[in-house]
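# Residue-level structure breakdown
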Amino acid sequence: MIPLLAASLLAVAPRQTSDEVEQKVLTTLGQMTLDEKIDILSGVDGFNERGVPRLGVPKLLFSDGPVGVRNFGPTTAYPAGVCLAAAFDPELANRFGVAIGRDARSRGVAAWLGPGVNLSRVPQNGRNFEYLGEDPYLASRTVVGIIKGVQSQGVVATVKHYAANNHENDRMVDSSEVDERVLRELYFKPFEAAVREANVWAVMCAYNKLNGVYCSENPFLLKQVLRNDWGFRGVLMSDWGAVHSTLPALKGGLDLEMPGPEFITREKVKPLLDDGQLKMIDIDEKVANILRMTYGMGFDKRHQKDPSIPADDPANEQAALQVAREGTVLLKNKGVLPLSTRRPLHILVVGPNADPAVTGGGGSSYTTPAEKVSLLEAVKKYAGTNAKVDFRPLMSDYVDRALSFRGFTAPGDGSRRGLLMERFNNQRLSGTPAESRVVRGIRIRQDGEGQGQTHYSVRWTGNATFDQTGTFLAAARSDDGIRVYLDDKLIIDDWNDHGEKVDTAPVKVEKGRTYKVRVEFYQAEGEAIAQFGFAPMNEDWRQDIPAGEIENADAIIAAVGFGPATESEGQDRPFVLPGVQEDVLEKLVALNPRVIVVNNSGAGVDMSKWVDKAGGILQAWYPGGIGNLAIGEILFGLTNPSGKLPTTFPRTLKGTYYEAAYPPVNHKLAYKEGLLIGYRWFDTHNVAPLFPFGFGLSYTTFRFSHADLEPDRAHGTAVMKVTVENTGRRDGAETVQVYVHARDSKVARPEKELKGFARVFLKAGERKDVFVPIKVSDLSYWDTPGHKWVSEPGRYDVMVGDSSRNLPLKSLLTIQ
């Protein structure tokens, strides 16, 4: 039993700027006109901060993130943020940040709009892939490394999206309803670490409301927590189009409206100053924050573009490749991996994600790769001369066939081919149609019907007949909302603003029978896409494959999952795999036990139909431009897998907190699970997930022993010392994970929480002592009535192992 005194927390973040910088801020502020002050509080030309050219204050160029510097053509496309988190490696996060900073400097970018740190609360969130997992401690340690790396290169990092932006559908109007303790202990933690430890220069507020108030005008969020409690002195900007007001936003704490002036304009701000609703100090404080960032980063003293750095830096591609190597997670291996290169093998590569390359999710983070390698190319590269590699796309054909369906007839006697289309000049399908005619099919896409139009809706009605009895796939591709009825039964329901995506549903039909069809669609803004149809789901899925090829293959590599059209900003995605992937995987594993599934997704997916029979499963996340080379290395044993899950993978959503956690009801999302997200819920309720947080297999084995806990009172920590031995025949890396359970707490707490980790590389047979510090302050809880952190005396079990569900070693920590 080790007694340890609690350490106090600093109330103010470390000083970011010098007296010289502060004096320059005051001098420039005194020289600016009122118009210049108002103008600098909004962006210009999409991705620029205005500066004050008259006074030598440079205009600053921004760029999207957080998985690359994306706005300026092809560049290094890095693996998804969740892949970086899966490495459990803050040093690698720093290397990633340095590489991002160099990419930015090569293009003259002053501020990079990343990293993203919203926690993975539910698997369906369309931006989980950009973020750093479900655990605030892991996300905090990773984000500090990223930010320090980026800003070391003279580039501003922008931590986002502040705060509780944990889903995408209707993000512009939904309110996240979260109590303060949950915010402080979970969702604020990575942001707090970014400010207090990494001295991040910019914070981006989210689109959503927090407890009924838009984040861009929320004084609790922006002033009380960020400025007063954490001591943030940098720039607080909006997400693009996230400002909804002038006075509330300015009084609430916002500094910079992006991408350009809509609410913070001379015409709207000056009257508020004239009638006293705003004071000049309100404006001056915001201008000072922008100037402080500009001078503090030295943007006025150098050209931001560094011509000595190549736009496609080979060193940065190698950093990206290393992230994919460390972050790929081996979830299952029934002796099928690694594949041999010494003996002749027939390898069958199948699935829609095998070729062309799936490098990232969609939305503002999608980065066009300067170099791109598909999984199929990587397999062929590493399989060796003894192997025969065949490629069969299989699952990709169903949706395309469905969308070319021509079995529709218009209402009436069935003599006219097509559907009755009714178009409305509103999004509600209400009133008298502005247009009504029979069309051959449902084919709105980009420059099709409705070109340049916004805020309208369309209804198609008619009948469908089928040429065979059996199961057909109903497939809809849309941007924005779409829903489909078959004989008045709702079979597809995606009535939300979202980017391009595909929704599917299996339906049983009879040959020759006539079915009523109704498809409804609305277009908000941006591109308009609506397509729909049916395709038969039967043994045709293998019609182009020679007899016996599936059954006799030495290995089948099934590349499945989502992609930029189906997992993306602006839309949530289903828990089930898209298209007919589940159905085909279920058939494949029944025919051949040597199926190796390589999955692309930002969080867990439904694997229930095939997980038990699959020979191997690799969680590849989104590996970036050349990250599939890392997947190839792992498949053939050139790299030993070492990634660990930064999110829990449930077997099902039913019976878990996920059921009530999503979707919102009446545009409110109640965080009723409180502190129990991810592994915290599963462990507290003693429910076994499919794959637990922190889990990941290796091609070697490790043994933990001799766990000793030692106090370090000078630094307010306890240090867990544990011996780790590589007991297998391959070199490899293991992650020591330390979890803490509060035995005697007066408040409700999760069963255990991650409070420390360390990644260690060991050669075969090698043994090392690993030291993992645990901060006593990290064991505190937030006392909402007292508005303070409380370090609670008592006994704490400190558990050590290789995942949240495998913790064989335990020590006792006593805090007095």
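Residues numbered from 1 in each chain as written. Predicted model: local features only at pLDDT ≥ 70, side-chain atom pairs only at ≥ 80, totals over all residues. Heavy atoms only, no water.

## Details of the pairing of strand 21 (residues 482-486)
Among the five residues of strand 21, four are classified as buried, and the element is accordingly described as predominantly covered. Connecting the antiparallel pair strand 21 and strand 22 (residues 489-494) is a turn made up of two residues, with aspartate 487 showing a positive phi of about 50°. The sheet contact formed by strand 21 and strand 24 (residues 514-523) spans five bridges and is antiparallel. Note that in strand 24 the partner of leucine 486 across the bridge is valine 517. (Buried < 20%, exposed > 50% of the residue type's maximum accessible area, 1.4 Å probe, protein only. Helix = DSSP H or I, 4+ residues; strand = E, 2+ residues; numbered from the N terminus. Pairing = 2+ DSSP bridges.)

## A short note on helix 1 (residues 19-31)
Between the first and last C-alpha of helix 1 there are 19 Å, a value that for 13 residues agrees with the 18 Å anticipated at 1.5 Å per step. By the burial criterion, the buried members of helix 1 are Val21, Glu22, Val25, Thr28 and Leu29. With its buried residues spanning 130° around the axis, helix 1 presents them on a single face. Exposed and facing more than 90 degrees away from the buried side of helix 1 are Asp19, Leu26 and Gly30. Next to the buried residues of helix 1 lie helix 2 (34-39) and helix 11 (280-296). (Expected span 1.5 Å × (residues − 1). Arc of directions from axis to C-beta. Contact = heavy atoms within 4.5 Å.)

## Considerations on helix 11
Under the 1.5 Å per step criterion, the end-to-end length of helix 11 is 23 Å for 17 residues, consistent within 8% with the ideal 24 Å. Following helix 11 by one or two positions, glycine 298 has its phi on the positive side, about 75°.

## Some remarks on the pattern of salt bridges
The final tally for this structure, using the stated rule, is 51 salt bridges. Between lysine 24 and aspartate 300 there is a salt bridge, with its nearest N and O atoms 2.5 Å apart. Placement of lysine 24 in helix 1 and of aspartate 300 in the loop between helix 11 and helix 12 (314-327) is noted, with a sequence separation of 276 residues between them. A salt bridge links glutamate 422 to arginine 459, with the nearest nitrogen and oxygen atoms 3.4 Å apart. A residue pair is termed long-range when its members are at least 10 positions apart, and glutamate 422 in strand 16 (residues 419-424) and arginine 459 in strand 19 (residues 456-465) qualify at 37 residues. Exposure remark for glutamate 422: the relative accessible area of 17% places this residue in the buried category. Several salt bridges converge on common partners, so that one network encompasses Glu422, Arg459, Arg483, Asp488, Lys516, Arg518 and Glu520. (Salt bridge = Lys/Arg side-chain N within 4 Å of Asp/Glu carboxyl O.)

## Section: the packing of helix 13 (residues 375-383) against helix 17 (residues 628-635)
Geometry of a packed helix pair, given as the angle between the helix axes and the separation of the axes. The interhelical angle for the contact between helix 13 and helix 17, taken along N-to-C directions, is 45°, at an axis separation of 8 Å. In terms of orientation, helix 13 and helix 17 fall into the oblique class. The handedness of the crossing between helix 13 and helix 17 comes out as right-handed. Contacts from Leu375, Ala378, Val379, Lys381 and Tyr382 in helix 13 reach Asn628, Leu629, Ile631, Gly632, Glu633 and Leu635 in helix 17. (Axes fitted to C-alpha atoms, helices over the stretch in contact; angles between N-to-C directions. Parallel < 35°, antiparallel > 145°, perpendicular 65-115°, else oblique. Left-handed = near helix turned anticlockwise from the far one by under 90°.)

## Things to note about the packing of helix 12 against helix 17
Remark: helix 12 packs on helix 17, axes separated minimally by 8 Å, with the N-to-C direction vectors making an angle of 40°. Judged by the inter-axis angle, helix 12 sits oblique to helix 17. Crossing angle aside, the handedness with which helix 12 passes helix 17 is right-handed. For the pair helix 12 and helix 17, the contacting residues are Leu321, Ala324 and Arg325 in the first and Leu629, Ala630, Glu633 and Ile634 in the second. Of the residues assigned to the contact of helix 12 with helix 17, the class counts are five nonpolar, no polar and two charged. (Nonpolar A, V, L, I, M, F, W, Y, C, P; charged D, E, K, R; others polar.)

## Re unusual backbone geometry
In this structure, proline 66 follows glycine 65 across a cis peptide bond, with omega equal to 5°. Looking at where proline 66 falls in the secondary structure, it is placed in the loop between strand 4 (60-64) and helix 3 (81-86). Cis rather than trans, the peptide bond between lysine 160 and histidine 161 has omega equal to -5°. Of note, the phi angle at alanine 164 is positive, near 55°, even though the residue is not glycine. On the secondary structure map, alanine 164 appears in the loop between strand 6 (156-162) and strand 7 (175-177). With a relative accessible area of 2%, alanine 164 lands in the buried category.

## A few points about the sheet that holds strand 13 (residues 345-350)
Reading across from one edge, 12-28-27-26-13-14 is the order of the six strands in this open sheet, with mixed pairing throughout. Edge positions in the sheet fall to strand 12 (329-333) and strand 14 (387-392), since each of these pairs with one other strand and no more. Strand-to-strand twist of the sheet, defined as the mean angle between neighbouring strand axes without regard to direction, takes the value 15°. Looking at chain direction, strand 26 (residues 555-561) and strand 27 (residues 595-600) are connected through six bridges and run parallel. For isoleucine 556, the partnering residue across the bridge sits in strand 27 and is valine 595.

## Comments concerning the environment of proline 115
Relative to the helices and strands, proline 115 resides in the loop between strand 5 (111-113) and helix 5 (136-151). Along the chain, proline 115 and alanine 157 lie 42 residues apart, while their C-alpha atoms are 7.1 Å from each other. For proline 115, the contacting residues outside a window of four places in its chain are Pro66, Val143, Ile146, Ile147, Ala157, Thr158, Val159 and Lys160.

## Section: the packing of aromatic side chains
All told, the structure shown has 33 aromatic pairs when counted by the stated rule. Pairing phenylalanine 405 with phenylalanine 534 gives two aromatic rings, centres 5.3 Å apart and planes at 80°, and the pair type is edge-to-face. Of this pair, phenylalanine 405 sits in the loop between helix 14 (397-403) and strand 15 (408-409) while phenylalanine 534 sits in strand 25 (residues 529-536); the two residues are 129 residues apart in sequence, bridging distant segments of the chain. Summarising the burial analysis for this pair, phenylalanine 405 and phenylalanine 534 share the class buried. Taking 4.3 Å as the distance between ring centres and 35° as the angle between the ring planes, the aromatic pair formed by tyrosine 657 and tyrosine 658 counts as tilted. With respect to burial, tyrosine 657 and tyrosine 658 carry one shared label: buried. Linked through ring pairs, Phe405, Phe408, Phe466, Phe472, Tyr515, Phe532 and Phe534 together constitute an aromatic cluster. Over the ring of tyrosine 456 we find arginine 423; its NZ or CZ atom is 4.3 Å from the centre of that ring. The ring of tryptophan 495 has arginine 483 sitting right over it, with the charged end atom 3.7 Å from the ring centre. (Phe/Tyr/Trp six-rings, centres within 6.5 Å; stacked < 30°, edge-to-face > 60°. Lys NZ or Arg CZ within 6 Å of the ring centre and 35° of its normal.)

## Overview of the sheet that holds strand 5
Here seven strands make up an open sheet; going across it, the order is 2-3-4-5-6-8-11 and the pairing mixed. In this open sheet, the two edge strands, each paired with only one partner strand, are strand 2 (43-44) and strand 11 (235-238). Bridging between strand 3 (residues 48-49) and strand 4 involves two bridges; their strand directions are antiparallel. Note on strand 4: the bridge partner recorded for glutamate 49 is leucine 60. With respect to the sheet, helix 8 (residues 219-229) is in contact with strand 6, strand 8 (202-205) and strand 11, its orientation differing from that of strand 6 by roughly 135°.

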